There are 4 protein chains.
Amino acid sequence: MIVSMKRFATKAEIDSVCERIRDFGYKIHAIEGEERVVIGVVGVGDVTACLESLEAMDCVEKAMRISAPYKFVSKEFRTGKTVIKIGSDVDIGGDDLVVMAGPCSVESEKQIMESAYAVAKSGAKVLRGGAFKPRTSPYDFQGMAEEGLKLLAKAREATGLAIVTEIMSDGEVDLVAEYTDIMQVGARNMQNFALLKSLGRCGRPVMLKRGLSSTIKELLMSAEYIVAHGNPNVILCERGIRTFETITRNTCDIVAVPVLNELTHLPIVIDPSHATGKRSLVPPLCRAAVAIGADGLIVEAHPCPERAISDGAQSLHLEEFDRMMRDIAGYVKLWKESRAAMAATV
Amino acid sequence: MIVSMKRFATKAEIDSVCERIRDFGYKIHAIEGEERVVIGVVGVGDVTACLESLEAMDCVEKAMRISAPYKFVSKEFRTGKTVIKIGSDVDIGGDDLVVMAGPCSVESEKQIMESAYAVAKSGAKVLRGGAFKPRTSPYDFQGMAEEGLKLLAKAREATGLAIVTEIMSDGEVDLVAEYTDIMQVGARNMQNFALLKSLGRCGRPVMLKRGLSSTIKELLMSAEYIVAHGNPNVILCERGIRTFETITRNTCDIVAVPVLNELTHLPIVIDPSHATGKRSLVPPLCRAAVAIGADGLIVEAHPCPERAISDGAQSLHLEEFDRMMRDIAGYVKLWKESRAAMAATV
Amino acid sequence: MIVSMKRFATKAEIDSVCERIRDFGYKIHAIEGEERVVIGVVGVGDVTACLESLEAMDCVEKAMRISAPYKFVSKEFRTGKTVIKIGSDVDIGGDDLVVMAGPCSVESEKQIMESAYAVAKSGAKVLRGGAFKPRTSPYDFQGMAEEGLKLLAKAREATGLAIVTEIMSDGEVDLVAEYTDIMQVGARNMQNFALLKSLGRCGRPVMLKRGLSSTIKELLMSAEYIVAHGNPNVILCERGIRTFETITRNTCDIVAVPVLNELTHLPIVIDPSHATGKRSLVPPLCRAAVAIGADGLIVEAHPCPERAISDGAQSLHLEEFDRMMRDIAGYVKLWKESRAAMAATV
Amino acid sequence: MIVSMKRFATKAEIDSVCERIRDFGYKIHAIEGEERVVIGVVGVGDVTACLESLEAMDCVEKAMRISAPYKFVSKEFRTGKTVIKIGSDVDIGGDDLVVMAGPCSVESEKQIMESAYAVAKSGAKVLRGGAFKPRTSPYDFQGMAEEGLKLLAKAREATGLAIVTEIMSDGEVDLVAEYTDIMQVGARNMQNFALLKSLGRCGRPVMLKRGLSSTIKELLMSAEYIVAHGNPNVILCERGIRTFETITRNTCDIVAVPVLNELTHLPIVIDPSHATGKRSLVPPLCRAAVAIGADGLIVEAHPCPERAISDGAQSLHLEEFDRMMRDIAGYVKLWKESRAAMAATV
C-alpha cells in the first residue's frame, strides 16, 4: 500500500496518518519525498478498510494498493530515477553515464594499481576487482580475500576512484563494507536471501547482478528484499542470461534496460564482459548499451589479460579499454542530450 | 576447399585449375573476384592430395581446407561485406543503413498504401507486409495470398519502395518471386531445407530470419544451403530467440551482430518488433541496433495498430515510426562515420 | 464451438442442427460418435446467439464454446483416447505399447533389410528409416529419396512391419504417401504450416514431432492444423527440447506425456534416441517412458552404428535393441495392467 | 591425482606414499578403501614428476591424473555407489529406494505431526519440511525458523522418521545441523560457495539440489566443493530446470539420472513436486523416476494442500500420497530386481 500525502503536509499530519496505519496492524516501511510525502506500508491481508479510512483523512491525497509484487522498487512508488551517490562525486542514475572498470580478480598490488591508474585516466569513475571470487571449481583461485580488499582501498586512495567488489556471504558483510563503496552481489547469489537481507540492513550501495536464469521480475523482487530491509541504494546489473546459444558466454538481454526503465526507478548498468565472454565483442556491446539508455557500464580490463588468473578472454587490455572509451564518446554525447531532453520534459 | 589464384591470373590459368579440381572428382561451386580470383570447391573425403597438386601450380597463390562447416558464407571465402542490390537504388550491406517498415500483414489496399506512403516519407527504403502468414492457429487469419502480393506490387509502383514479403513453401517460390524484391524466410522455416534449396535456385535476394531456438552457426548453415544452391544474395536477420524470459515476446540476441560480423560477409538486419513484442521497446532497441553495427532494421508500423489483424501490440503507429526515424538520426550519423572509417582502413 | 446431441438423436435431427449452424454462417467441421453425436463447429466472432439458438432445440444436449485455442485435438472434443490403426494389425493409442525401430537413414538394401528382420524379431511393429533427411549442412548426406522409399516398402513386404518415414515438403506428400504407413513430420518442420495443411488433406496417419523449442500448446496447435484440414490420425512425439544443458543432445521433457494426456485424446510416443543423443542413455529412458504412460517408443537401431551415415552415436546395435526390449518387458506388463484398470474405470 | 595402492598395502607403505606426495608440495585429501586403498591428492601445476616418482614405488598399483574437473565425486575415484547412512536404518544409494515426504513448510505442530504419521505409515523413511524458506518475495512467509526445526525433531522422535530440511546461510549451519539428519541445499543456493564450504566442514549428510539453470557438470562441481572440504556424504537431487516451457513449473531433466550414474558414485533423488508444480503430474513422474533408476524420491504431501502456506498446488493430499506409494509398488519391485542383478554382476 502506498499513501500520498497532499502537498506541504505538516509533520503532525504525517504522524497522524502513520498512527492510523499502525492502528490497522500494518507497518510503515518508508517515508519518501520533501514537498510531497509518500508513505510506504507493508502488510498482509485485505487492506480495503485501511485504504478507505486513510482516504477519508483531509491530508491524504491518495491511498493505493500496489498490484506489482514489488513495491518500493516500482515506478508507482517513485517516478523519477533514483540517483545513487557513490563517494563524493559519482552519481549513478544521474546526468552522467558511469563507467566502472578493472580486472576480474585482484591479483597483486602492481596489477591493481596499474589497472586503477589506467582506467581512471581513460575516464572510469569506479574501480572493479574481486577479492572474494565465486568459482565453479573448488580448485580454482578463490581470491585474495581481505588482502585484496586492502589493495582496492589503497588504489582508491591513490586514484580517487570509488570501489566495487563482490560480497559472497552474509557473514562477510561488515568486513567488505569496511573497504568498498559498492557491494556487488554476483549472479549466482541473486537469490541468496540471507545475503540480501544483510545487505538491506547495511547502508552501503549494492550492485545486484541478474541471475543466469532469473527473470526481470525476479531481479526486481531480489532488489525489493534489499530495499524492504532498509537499503534503498540498489543498482541493477544485466550481465547476460543463460540460453541455448553457446557461441557467447551468455546472451545479453539488452532490452532489459528499457523494460526495467518502465518498471523501476532504480539505475541499471550493463556488464558487457560477462555478457559476451569475448574481448572483441565488448566494445560494440558498450556502444549498444549506451544507445539503449543504460546508466552505466562495468567492464573488465587488465594490464595483461593473457596472464589473468580469471576471465582473461573477456578482459580488455588497458589500451583497448582506452580506445573503447574514445569509441563510445559520440554515443555518450547523444546519451547526455537525451537525458537532458527527458529532464526538460519532466 | 578454397583456392586463391595469384593476382591477375588469366582465364586460361583459371580454367586449368578448374580442370584439375574436376579431375580429382570435386565440384567447382563458385568463382569470385576480379583482380584476385577465388575458387570455391565442394567435395567430400580427404582433399589433401588435391590441395598439394593445386599448390604445385604456378598460378595458384594458396589452396585451403575450410574448417568451418559453412564455406561460402564464411569470412574466409570473402573478407569484405557482401552488398546486396535491391531494385535500382537500395544497397544492403553498403554505405547506408537500410530501414524496412510496414504492417505485419497486408490487410487492404487502403492500409498498405497508407503505410507505404508514410514509411517512405519517413525514410524507409523497403516496404514489408505479409501476404502468406505463418500462424500458430489454423483458425487465425492466414493472409491475403496472391491478392496481397498484388497490393504490395501496387504500393511499390506508387512509392518506389522495394518489397519484402514472406514465402512459406517451396511450391510458392515462383509465385512470390514474381512480385517481391526480397523473399523473407520466417523463423519457423529457417530449417525448412526444401524451401532453402528452392530459394537457392531462385535468383531473388533472400532475408533469412534466425529460428526461435537456432544457434548462430545453424543460421549460417541455413544461409549456406541457399548459397550452395546458387544464390549468394542472403541477408541475415536477428529477430529474438526463445528463452525462459517471458516479459518480452523474445530475447533479442543483439550481440549476434558483432559475432556474425566476425564470421560472415553477409549483411545482418535486426527486427526489433518481433524481438520485443511491445511497441514502447522498439525505438530504444532500434538505437542499440544501429550502435552495434547492424546493416539495417525491419520494423512493423501500421496506420492503426489497435485494429491490426496481427501483431498490433508490437507495431508502431505511423507517427511513432516517423519519430523513431528522427530519434535514431544521430546514431545513424555515427554509424556512417564508423563505416567510412572502416572502409578507409581496408 | 462443440454441440453435443442428446443420446440416440436421429439423422434428421442432426441435419437440422447442422443447417441451423450453417445459417449462422459457421462451418461444420466434424461429426463424431455413434450413440452420442458431437458436432464440431468452426467460426469466428461472437457465437453467443448461435449457442443460444442451438440450446433451444430439443435434440441438443449442450452447446459449448471451447476456451482452449485447439478444439478437435482437445479432451473436450473427445474424452477417450484416439486409437490410430496402422496397416492391418497395429493400433497406436490402444491396448498395446507400440515400438517403432530402425536406422536413422535408409542407406542400402542390405542395411534396411537386416534392420527390419532384427527389430521385427525383437518385437517392434513399425520400421523407421529416413529417405529424405533434414540435415543442418547442405554438404551432408540428404537421403536416398524415392529409392529409399522403395527399399522401405520392400522391407515391409518381407517382414510385415508397418513403415514410418519423414516427409519434408508439401510438394512430396503424394510421393511419400504412396510408400509409407505413417508420415513423420520432423521437429524442424513442426510449424511448416504449408506441410501441415497438405497432411491434413492426405488421409495417411501422421507422426508429429515436437519442435526443438516448441511449447506443448504449440504442438497441439500444429496437430490442430492437420485435424482441422481433415485428418484426425495424428500421433504426437516428444523427442527432447533444446535447453542450456549440452551433455545430452536435447532435454527429454518426459512430463509432456501426462500433461498431454490431460489435454488431448491423441496418442503420444517418446523418441529416446534424439532426446538423449547417446546410446547408453536410451534403455533407461525407454523404461521411464513406458512407466510414465507413453503409447509408444520410436528408437534408432542399426546393424553397425559405428558406420551409420547419420546419428550413429545414438543408435543401438541390433543386439542392444533386443536386450532393451527384454529389459522393458516387466514395465510393459505393468503398463498393460494400468491400461486395463483405466479401461475398467471408464 | 589419484593413487591406487596395491592390494593389502601396509599402513607403513601408505604413509611412505603420503610422505612422498607431501614432499612434492601436494596435499592428501582423502584416503579410501579397506582392501585396496585409494589416495586422493589435490595440487596445482604439472604433476608429471610426482606421478612418475610414485609409480616407481613398489607398493603403488597406479597413479593417475584426473581429467574431469571434479575428482572425488567422479566414478574414477570410486566405482561402486556411495551409500549414505541416515540415522540408524536408512541407506540412500543402497538396496532400497528411499522416499522422503512431507509438507513444503513446517506450519504448525498439528500439521507436521499429522503429515509425519501419515507418510511414515505409507512407507516414507524421511520427513521433509522447511523451517527456513527461500521465497522470491520478501513479503511472503519466511518459515518458522528454529521453532520449525524443533517441531521436526519432535516429529522424528514420535515417528522414527529421519529429517531433511533446508539450510540457507553458512551462518546457520550449526543451528540446523543440531536438529536435522540431512541438510538440504536449495536450487537457488547450489552455487552459494560459502555455504557449500561450511557444509563440507560439517559432517552431516547434504542433499544438493540442482540449480534452475545449472548444468549437470556444475552440479557435480558444487558437490565437489562439499566433498573437497571434508564431507563425502552428498546426495544429488534433480528438481527440474528452467526452460521456455511454462505449462509445468520446471522441466524435469529425468535423463540426468542415468547421466549422473555414468559420471558419479553419489546417489541421486528426484523431486517430482518442484519439477512439475502440479499435483496430478506427480504420481506418473514418480513411476518414471523409479523406472529410470533414481535412488530415491522427495515428494511434497500435506494434510490440506488447499490451505498450505506454500506450494499447495504441487502437494499431494496425504491419501493421494498413500495411493501413489501403492501405485509405484510394482515399479519398486522391478527396481530392486535390477539392483540385485547389478550387484550380482559386479
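Residues numbered from 1 in each chain as written. Chains lettered and ligands numbered in written order. Predicted model: local features only at pLDDT ≥ 70, side-chain atom pairs only at ≥ 80, totals over all residues. Heavy atoms only, no water.

A closer look at the environment of Ala308 of chain C
- Within the secondary structure, Ala308 of chain C is located in the loop between β14 (296-302) and β15 (316-317).
- Measuring from C-alpha to C-alpha, the distance between Ala308 of chain C and Gln111 of chain C comes to 9.6 Å, with 197 residues separating the pair along the chain. (Helix = DSSP H or I, 4+ residues; strand = E, 2+ residues; numbered from the N terminus.)

Here we look at the relation of the copies chain A and chain D
- Mapping chain A onto chain D leaves a residual RMSD of 0.0 Å; the transformation is a rotation of 180° accompanied by 0.0 Å of translation along its axis. Taken together, the rotation angle and the small translation identify this as a two-fold axis. Residue Ser213 of chain A, judged by its C-alpha, is the member of chain A lying nearest the rotation axis, at 2.9 Å.
- Looking at chain A, 100% of its interface residues are interface residues in chain D too, so the copies touch through the same face. (Least-squares fit on C-alpha atoms with pLDDT ≥ 70 in both. Contact = heavy atoms within 4.5 Å.)

Points about the pairing of strand β1 (residues 2-5) of chain A
All names here are of chain A.
- On β1, burial covers both faces: Ile2 and Ser4 on one face and Val3 and Met5 on the other are all buried.
- The pairing of β1 with strand β4 (residues 60-64) spans four bridges and is antiparallel. Across the sheet, residue Ser4 finds its bridge partner in β4, namely Lys62.
- Two elements, β1 and strand β3 (residues 38-42), share three bridges in a ladder whose sense is antiparallel. By the bridge assignment, Ile2 is partnered in β3 with Gly40. (Buried < 20%, exposed > 50% of the residue type's maximum accessible area, 1.4 Å probe, protein only. Pairing = 2+ DSSP bridges.)

Section: the packing of aromatic side chains
Residue and element names in this part refer to chain A.
- Enumeration over the complete set of coordinates arrives at 10 aromatic pairs over all chains.
- With a centroid separation of 5.1 Å and 80° between ring planes, the pair formed by Phe72 and Phe77 is classed as edge-to-face. For the pair formed by Phe72 and Phe77, the shared burial category is buried. (Phe/Tyr/Trp six-rings, centres within 6.5 Å; stacked < 30°, edge-to-face > 60°.)

Things to note about the interface of chain A and chain D
- The partner chain D presents 32 residues to the 32 residues of chain A that form the contact.
- Each partner contributes to the roughly 2,700 Å² buried at the junction of chain A and chain D, and carbon and sulfur atoms together form 53% of this total.
- Viewed at the interface, chain D and chain A are joined by two salt bridges.
- With a shortest N-O distance of 2.6 Å, Arg242 of chain D and Glu218 of chain A are connected by a salt bridge.
- The interface formed by chain A and chain D includes 17 residue pairs in polar contact (both at pLDDT 80 or more).
- Taken together, the elements giving at least two residues each to the side of chain A that touches chain D come down to α6 (193-201) and α7 (216-228) of chain A.
- Across the side of chain A that touches chain D, the residue classes tally to 14 nonpolar, 10 polar and eight charged. (Buried area = accessible area lost by both parts, 1.4 Å probe. Salt bridge = Lys/Arg side-chain N within 4 Å of Asp/Glu carboxyl O. Polar contact = N/O pair within 3.5 Å; in protein donor to acceptor, adjacent residues only side chain to side chain. Nonpolar A, V, L, I, M, F, W, Y, C, P; charged D, E, K, R; others polar.)

Thoughts on the relation of the copies chain A and chain B
- Once chain A has been moved 0.0 Å along the axis and rotated by 180°, it coincides with chain B to within an RMSD of 0.1 Å.
- In this assembly the copies share their binding face: 100% of the residues contributing to the interface of chain A also contribute to that of chain B.

Details of the pattern of salt bridges
All names here are of chain B.
- Overall, the coordinates contain 84 salt bridges over all chains when judged by the stated rule.
- Across the pair Lys81 and Asp295 runs a salt bridge, and its minimum N-O distance is 2.5 Å. Of the two residues, Lys81 is situated in the loop between β4 (60-64) and β5 (84-86) and Asp295 in the loop between α10 (282-292) and β14 (296-302); the sequence distance between them amounts to 214 residues.
- A residue is classified by how much of its surface remains accessible, and Lys81, at 28% relative accessible area, is partly exposed.
- A residue is classified by how much of its surface remains accessible, and Asp295, at 1% relative accessible area, is buried.

A look at the side chain of Gln191 of chain C
- Within the secondary structure layout, Gln191 of chain C lies in the loop between β10 (182-185) and α6 (193-201).
- Exposure remark for Gln191 of chain C: the relative accessible area of 9% places this residue in the buried category.
- A distance of 2.6 Å separates polar atoms of two side chains, one belonging to Gln191 of chain C and the other to Arg188 of chain B.

Section: the domain arrangement of chain A
- Taken domain by domain, chain A comprises domain 1 (2-64) and domain 2 (84-345).
- Computed from C-alpha coordinates alone, the two centres of domain 1 of chain A and domain 2 of chain A are separated by 36 Å. (Domains from an automatic or database assignment.)

Comments concerning a negative patch on the surface
Residues and elements named next belong to chain A.
- On the surface, Glu146, Glu147, Asp174 and Glu178 cluster together into a patch of negative charge.
- Elements that contribute at least two residues to the negative patch include exactly α4 (146-159) and α5 (173-179).
- Inspection of the secondary structure assignment puts Glu146 in helix α4. (Patch = residues over 30% accessible without salt bridge, like charges linked within 9 Å, V, L, I, M, F, W, Y side chains within 5 Å. Areas by Shrake-Rupley, 256 points an atom, 1.4 Å probe, with all protein chains shown as cover. Lys, Arg positive; Asp, Glu negative; His and termini not counted. Charge placed at Lys NZ, Arg CZ, Asp CG, Glu CD.)

A short note on α6 of chain C
Residues and elements named next belong to chain C.
- The buried count for α6 comes to seven of nine residues, which makes it a mostly enclosed element.
- Restricting attention to buried positions, one finds in α6 the residues Phe193, Ala194, Leu195, Leu196, Ser198, Leu199 and Gly200.
- Tucked into the core, α6 has its buried residues touching α5 (173-179), β10, β11 (206-209) and α7 (216-228).

Some points on the interface of chain A and chain B
- Each partner contributes residues to the interface: chain A has 38 residues there, and chain B has 38 residues.
- With both sides pooled, the region where chain A packs onto chain B buries about 2,900 Å², and carbon together with sulfur makes up 71% of that total.
- On the chain A side of the contact with chain B, Phe244, Ile247 and Tyr331 of chain A bury the most area, a combined 20% of that side's loss.
- On the surface where chain A and chain B come into contact, there are 10 residue pairs in polar contact (both at pLDDT 80 or more).

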